[in-house]
Each structure stands twice: as structure tokens, then as C-alpha cells.
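Read off the chains here:
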Amino acid sequence: MEVDFQTEDSSSFKEGIELGDVKDMRLEADAVVSDVLFAVNEMYVSQSLGSALDVAYINVETREANRYCLELTEAGLRVVGYAFDQVNEDLNTQYHETVYSLLDTLSPGYREAFGNALLQRLERLQQTGQ
């Protein structure tokens, strides 16, 4: 039995759906994008590169205007290309467990935006807690 997958319907999910022991990486990729979109110039799940239950590709442009193609698998995230929708099989880049760790290594602008967002949340909590 074949089941069609439509990415438009997956944007409302915050976490991937597990199918047996396999997470649907397409849904995980959507969640990754929604988590850090505020701290990068552009980020979206690639429609050009084939995604599957076990792999998805994410295009990201950092605040420094550097473009990357990221691969998301059960092993984590890693850079597979230095342009959108580009996979260089010869690259042997490190896997990161989280998108936060990966972007922290790639983008000082991400670190700054993430830190500022955290500070604003803490200030709001402090104001509402008093």
C-alpha cells in the first residue's frame, strides 16, 4: 500500500511521528525549521532533494549570508553542501545532535539572536513573576 505525504499538512506538528522505531525525518525537519527560523535569514525543507522516512534535507542561510544544505538523519544534522539543494558526497562533516549545536558552530549571528531571544524571555518571566 502506498501513502502519499503532503508537507503542507505537516507544518502543524512540533515533533516527528514515530513509525515503529523509525522517525519520519520530513516531519522532524519541519520542526527543526520552525524552532530556529527566528535566528537565521532563511530556512526551509528542500523540495528539490528527495526526502524519505530516514533522511530529509534543509536549506539554511545564516545571518552572515552563508548558505548551507543540511542533512537530517537519525545520526543528527550535518552540512552536506555549501549552497541550497546541493549535496556533495565527498564532504565528510561532523554530525550534530541538535540544530542548535550545528548553527552555533556555523553562525555567530545565530548565537547572538538566540542569546537575545533567551534574554527577552527571561525578562518577560521576571516581569510576570513579580
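Figured I'd write up the structure that's included with this text. As the structure is a prediction and not an experimental result, all values here were calculated from the model.

## Side note on the pairing of strand β6 (residues 76-81)
- Burial of β6 is extensive: six of the six residues sit out of reach of the surface.
- With five bridges connecting them, strand β5 (residues 67-73) and β6 associate as antiparallel partners. Pairing of Cys69 across the sheet is with Gly81, part of β6.
- Linkage of β5 to β6, two consecutive antiparallel strands, is achieved through a turn of two residues.

## Let's talk about the pattern of salt bridges
- Going through the model one piece at a time under the given rule, you end up with five salt bridges.
- The partner of Arg67 in a salt bridge is Glu61, with the nearest N and O atoms 2.9 Å apart.
- A relative accessible area of 15% places Glu61 in the buried class.
- Note that Arg78 and Glu71 form a salt bridge whose closest N and O atoms lie 2.9 Å from each other. The pair formed by Arg78 and Glu71 is uniform in burial state, with each residue classed as buried.
- Through salt bridges with shared partners, a single network forms among Glu42, Glu61 and Arg67.

Cut-offs applied
- Residues numbered from 1 in each chain as written.
- Predicted model: local features only at pLDDT ≥ 70, side-chain atom pairs only at ≥ 80, totals over all residues.
- Heavy atoms only, no water.
- Buried < 20%, exposed > 50% of the residue type's maximum accessible area, 1.4 Å probe, protein only.
- Helix = DSSP H or I, 4+ residues; strand = E, 2+ residues; numbered from the N terminus.
- Pairing = 2+ DSSP bridges.
- Salt bridge = Lys/Arg side-chain N within 4 Å of Asp/Glu carboxyl O.

Purely geometric numbers; function is a separate question.
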